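The chain contents come next:
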Amino acid sequence: MVKRSSLKRKSILVLAIYLAFFITAVGGVSYLVVEPPIREQLTRNLDSRSKIISSEIEASLESPLGILQGIVSIGNSGKDANLQAEILQHLFAMSDGASVSGGLWPLPYVDDSTTHYASLFFNRAKDGVVDRIHSWNNPALGGYDGEGWYTDVENKPLGTVVWSPVYIDAFTHVQMITASSPYYVDGQFAGVATVDLSLESLIEYVQKHAKEHGLGVLIRDGQGEVVIEHNFKVAEDIYISEHKFGHFDWTIDVVNANRLVADQAYDLVTKVEMGIMPIMLLCVLFGYFVINRSLIDPIAHIAREVDDSKQGGIIDINYRSDDEIKHLINAFNQKTVFLEQEKKNALASTRAKSAFLATISHEIRTPMNGVLGTAQILLKTDLSDEQRKHLKTLYDSGDHMMVLLNEILDFSKIEQGHLELEKEPFPLESIIGSINSVYHTLSVEKGLSFKISSDVSKQRWYLSDKARLRQILFNLLNNAVKFTLKGSIEVNFTEVTLDGKNYLNIIVTDSGVGIDNAALEKIFKPFVQAESSTTRRFGGTGLGLAIVKQIAQLMHGDISVQSKLGQGTTFDVLLEMEVSQPLQAEGRKHKKLSYTGLRVLIVEDNRTNTAIINTFMSGKGFECYCVGDGEEAVQAVRANEFDLIMMDNHMPHKDGITATQEIRALQSDRSNILIFGCTADLFKETQERMLSAGVDCIVSKPIDEQELDDMLYRYSDKLYQFKSLDDCQAAASFNAEQQLVSLYIAVEDRNHEQAYEILSNIFTYLAPTDHRSVKELLAPLIQSKSLPSQQELDVLTVLLKDV
């Protein structure tokens, strides 16, 4: 497209004229009028402020010298050590301010084999309590007579005072300085007196003063070490007020902060600008008029057209100038047509992706329900220790496979930034036990050594996302086992504190194939592996490390890697973990439930899943009835009484949602039956549709028996709405075989009373059921209290067998 004029050149020309005039006028006036008085005022300000601060510091450090002289006097007196200790303790109890500790340090003396130290050292805590400290008297620590503050004044004239360099107290972590002086008894050097000064209040004073007056302060001691630094930033040509003070030769450097300079400059520049404001205003109005006519109006018109065409459509305005705006309109219209087509393609792709994920999730969960369900059933049977160990590993691995499936389905959320972390308390030991259970066996089977070491307390609990932490570990260990052909795999757990926050540091090290340096940067990218041959050799999608990095960043941490080709790889993960109080395991204090006599309808089109659920429920005492689709389920509920329905969703003829809706619409008490949605579809939309249709809760596949028990207890009121818990427990305690044996014995012994009692028990047991044949047989015998004949016994035996 040929452009005869340029919108860019027109706008740049007008703005350049305005900016040139503005910069020249304001810059010239500011340089000539503002800069000299500010510099002069700044110099006077800084000099006076540096003297004020140095005077306060000098006074704070000189005042405790009176206490030091008092301590020297106590030492010079040569009194009994116990009396001296009492006087010193009273002295520090009465003192306040910067003096926090000190005392007398007598010359050590030597007997036959041991050097003895008898310091009288006292420390005043923040609450005012004065304690005597004996740790310096331990000869194993080397003695105090070798310390610099001791040797610097040893045998020096009385009245000598030496200041130590500033140091950090090992116990309080506060900056301190020590003043020491010798003392003499009967003209002989007897030891050293010291007083320790806390610089905490002094630092607070300097910082407060600097903030109030917008200063940058740097204070060094006599050895040139930095004592205090606050907002001290040196720039080119900046004035620094330097002042040396006190006989301890401290130095203070003060600079003016930007705030004060900006305040003074603002006042002067404002006065100047008030004079040139009319001229500036005219320039602005003229510039705005030109720009508005040539640029703003057309762009605003385009913006309105674009706003009207957000849902699609082109810009249709009459713009005649062949410049950038005309080019923009034509290019936008072309892009709009292209993007509309791409939008249709993207929506179709998104729908296909969602359908694929839903299908693959359901198809994998359905067979895994058989695997994990069978494993749970077998774990309840008589097994050897070795069999139970292998079966537990099988279950843990299958369970982990389901976790990985959930994570793959969540990857789209990670890409879109919608992944949310849970916050639940859990013990770290549960995570360690889990990975040890799975990967120790896998490593041994591959001929590798597997080791877990932890410096974290075994009682440590965290408040975080346990599943995501487990996911990080499993992804890293999966890679370690996969890429290690010989050698070892090690996992180390430690805790570190950074910026006042607690972090869990996880280091996973293997002796595997390693990663080339050129490939280290791309291994955390989705669907990328170190080499193209890796996928062919070891398998995998290259998604695991990308998920690990995203989760680590969500947990306010990060992951790094170090590796040498052919020697192994080390992954270092840092995760912010909030420490939680340990929780006691909640024991089940509720009354044990009995399900004997309760009827459950299992609606499931997969034979394996039907067998698994049937085994679970019958093992709990339920009478199980199975149908293959939703249509048969509705018919079964209309024809029979049930206490519970286990309803699948995806089924032929009629799905679980439709079947649930029809059951809830029945005009009878059966519409209120307890319904558990039992589905392998974990998409939130599907579960919400099932709950909206009327299911009471969702029990996801693969079924976890503990979760199933929890749901049965949670909904026990609705479960026992047709039969009471007492009836079920009575039914559970009734032993038909034992009753028949006792009845046969009573008939043989011609014991009418015992036979009458047994027949009454059987009749009472069958009363809640609908076995009319048994009732009709028993009623005459009970009424007449007569013994049953052999034929009646045979009929009763057959009928009770069916019950």
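Residues numbered from 1 in each chain as written. Predicted model: local features only at pLDDT ≥ 70, side-chain atom pairs only at ≥ 80, totals over all residues. Heavy atoms only, no water.

- By the naming in an unreviewed UniProt entry, the protein chain is histidine kinase, taken from Vibrio marinisediminis.
- For the record of the protein chain, the UniProt heading Subcellular location (unreviewed entry) holds the text "Membrane". (UniProt positions renumbered as here; feature names shortened; annotations may be inferred.)

## Remarks on the overall build of the protein chain
- A tally of helices and strands in the protein chain yields 23 helices and 26 strands.
- Burial status across the protein chain gives 40% buried among its 803 residues.
- Partitioning the intrachain contacts of the protein chain with sequence separation of at least 6 by distance along the chain shows that 65% fall at a separation of at least 24.
- Here the protein chain displays about 44,500 Å² of accessible surface, and carbon together with sulfur accounts for 53% of that area. (Helix = DSSP H or I, 4+ residues; strand = E, 2+ residues; numbered from the N terminus. Buried < 20%, exposed > 50% of the residue type's maximum accessible area, 1.4 Å probe, protein only. Contact = heavy atoms within 4.5 Å. Areas by Shrake-Rupley, 256 points an atom, 1.4 Å probe, with all protein chains shown as cover.)

## Here we look at the sheet that holds strand β11 (residues 226-230)
- Read across the sheet, 4 strands follow the order β11-β10-β13-β12 without closing on themselves; strand pairing throughout is antiparallel. Every interior strand has two partners, whereas the edge strands, β11 and β12 (241-245), have only one. On average, each strand axis in the sheet is inclined to that of its neighbour by 15°, with strand direction left out of account.
- As judged from the 6 bridges shared by strand β10 (residues 215-220) and strand β13 (residues 250-256), these two strands associate in the antiparallel manner. Its bridge partner lying in β13, Arg220 is registered against Thr251. (Pairing = 2+ DSSP bridges. Axes fitted to C-alpha atoms, helices over the stretch in contact; angles between N-to-C directions.)

## Remarks on the pairing of strand β24 (residues 644-647)
- Neither face of β24 is left uncovered, since the one carrying Leu644 and Met646 and the one carrying Ile645 and Met647 both have all their residues buried.
- Across 4 bridges, strand β22 (residues 599-603) lies against β24 in parallel orientation. Counterpart to Ile602 in the pairing with β24 is Met646.
- As defined by bridge partners, β24 adjoins strand β25 (residues 674-679) across 4 bridges and the pair is classed as parallel. When the bridges of β25 are listed, Met646 appears paired with Phe676.

## As for the packing of aromatic side chains
- For the structure shown, the criterion picks out 15 aromatic pairs.
- Relative to Trp149, the ring of Trp136 lies with its centre 6.1 Å away and its plane at 80°, an arrangement referred to as edge-to-face. Here Trp136, found in the loop between β5 (130-133) and α4 (148-151), pairs with Trp149, found in helix α4; they are 13 residues apart in sequence, far enough to count as distant.
- Under the relative-accessibility criterion, Trp149 is labelled buried at 16%.
- Aromatic pair Tyr439 and Phe474: ring centres 5.2 Å apart, planes at 70°, arrangement edge-to-face. Taken together, the residues Tyr439 in helix α9 (residues 428-445) and Phe474 in helix α10 (residues 466-483) connect sequence positions 35 residues apart. (Phe/Tyr/Trp six-rings, centres within 6.5 Å; stacked < 30°, edge-to-face > 60°.)

## Observations concerning the environment of Val513
- Turning to its location among the elements, Val513 is positioned in the loop between β18 (501-510) and α11 (532-538).
- Between the C-alpha atoms of Val513 and Lys486, which are 27 residues apart in sequence, the distance is 9.4 Å.

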